[in-house]
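Remarks on the overall topology
These are the residues of each chain, in order.
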Amino acid sequence: MTSASLPPLALTMGEPAGIGGELTLKAWLALGVTGPAFVALDDPARLAAIANRLKLKVPIRKVAAMAEGAAVFADALPVLPIALPQESVPGEPDPAQADAILTSIRRAVELCQSGEAAGIVTNPIQKSNLTAAGFRFPGHTEYLEHLAGPGYRAQMMLAGRGLRVVLVTIHEPLAKAIARLTMEMIVDAGRRAAASFRSDLGIRNPRIAVAGLNPHAGEDGTIGHEDQAIVTPAVTRLQQEGIRAFGPLPPDTMFTTRARRGYDVALCLYHDQGLIPLKTLDMMGGVNVTLGLPFVRTSPDHGTALDIAGRGVAEATSLIAAIRMAAGLSSRRMKQKA
């Protein structure tokens, strides 16, 4: 199934005070003729104002349904309207906009669940702004897991040029993440990574490099006991289940060019262990992929960039990569269902 035969992707609003609107417009300029097609779940007046201010020649077309958006995508940016209560100011998040931001995400999920959208691509949100309005989830990933319903376990994968990383713990303080880390958590993450790579990426038996927790992966227990007590048994369990896992590997050497040739994905134990090398290697082209959900979700691997919002200098490379990846993943899933 080609991207042309897929339903369009749903692209969420993100933080209105950030660079998401600008990225949406630039993504359409890059993809409007060839696709993959997407429909912005956003405020049409906001996008038109940004296009006018930044002198981006993007015609905006309100649509009532995703199918209508697919029909007009080659000629205009289709927007399924979600009104903001007031005009947003670049660089100044406003908790009053939270309901519209979350409505955009919820609506995208509903469109995927009904089959009207092939997948979801999310523009970055400002978590502190949503928290100030009462949002109780650490981030997009956890909220999407909640919206998916009981029985689903979301897992964050970051993919960039020459590296994929899957995280065991995600958005939580480092001290808390380490304190609650268990062998079972690592095994569960490894299992779900292997299953997702088979179903979504077509890699039948992925090579999973498991990062150590301590410097030098604990150096036989002389630099902490966790690698011997928790990580090594988890790797053994995964191997016993037929999963090609190995480690724990010293985190300071496992991301070199030579080392990365030896695995398909790095299983990292906490957020920055995986994201620092990924963003160093491919800050502009990295894509955040949520595995384990009943719908495809990708996102650019960067934040709202409030400091440059409204200036017209934001790079849309990562969002464009996220759109293309979402289309590819959606196509594979639909072929498997056929």
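Structure shown above.
Description of the structure in this document. (Residues numbered from 1 in each chain as written. Predicted model: local features only at pLDDT ≥ 70, side-chain atom pairs only at ≥ 80, totals over all residues. Heavy atoms only, no water.)

Concerning unusual backbone geometry
The omega torsion of the bond from glycine 35 to proline 36 falls at 5°, within 30 degrees of zero and hence cis. Position of proline 36 relative to the elements: it lies in the loop between α1 (20-31) and β2 (38-42). For the bond running from glycine 247 to proline 248, omega is 0°, close enough to zero to count as cis. Positionally, proline 248 belongs in strand β9 (residues 244-249). For aspartate 220, which is not glycine, the phi dihedral falls at a positive 55°. (Helix = DSSP H or I, 4+ residues; strand = E, 2+ residues; numbered from the N terminus.)

Re the packing of aromatic side chains
In the structure shown here, the tally under the stated rule is four aromatic pairs. Put simply, the rings of Phe135, Phe137 and Tyr143 pair up and form one aromatic cluster. (Phe/Tyr/Trp six-rings, centres within 6.5 Å; stacked < 30°, edge-to-face > 60°.)

What about the side chain of threonine 304?
Here threonine 304 lies in the loop between β12 (297-300) and α12 (317-337). Within the structure, the side chain of threonine 304 is placed 2.4 Å from the side chain of glutamine 126, a separation counted as a polar contact. For threonine 304, the contacting residues outside a window of four places in its chain are Glu15, Gly18, Ile19, Pro124, Ile125 and Gln126. (Polar contact = N/O pair within 3.5 Å; in protein donor to acceptor, adjacent residues only side chain to side chain. Contact = heavy atoms within 4.5 Å.)

Quick word on the side chain of aspartate 43
For aspartate 43, the position within the fold is in the loop between β2 and α2 (44-54). Arginine 46 is the oppositely charged side chain nearest to the buried, salt-bridge-free aspartate 43, at an N-O distance of 6.6 Å. Looking at aspartate 43, its side chain comes within polar contact range of the main-chain nitrogen of alanine 45, at 2.9 Å. With residues near it in sequence (within four places) discarded, aspartate 43 still touches Met13, Ile82, Ala83 and Leu84. (Buried < 20%, exposed > 50% of the residue type's maximum accessible area, 1.4 Å probe, protein only. Lys, Arg positive; Asp, Glu negative; His and termini not counted. Salt bridge = Lys/Arg side-chain N within 4 Å of Asp/Glu carboxyl O.)

Regarding the packing of α1 against α2
Close contact between α1 and α2 brings their axes to 10 Å; oriented N to C, the two are set at 75°. The orientation of α1 with respect to α2, classified from their angle, is roughly perpendicular. Counting all contacts with α1, which are made through Gly20, Gly21, Glu22 and Leu25, the residues of α2 involved are Arg46, Leu47, Ile50, Ala51 and Leu54. Across the contact of α1 with α2, the residue classes break down as five nonpolar, two polar and two charged. (Axes fitted to C-alpha atoms, helices over the stretch in contact; angles between N-to-C directions. Parallel < 35°, antiparallel > 145°, perpendicular 65-115°, else oblique. Nonpolar A, V, L, I, M, F, W, Y, C, P; charged D, E, K, R; others polar.)

Keep in mind these numbers describe shape, not what the thing actually does.
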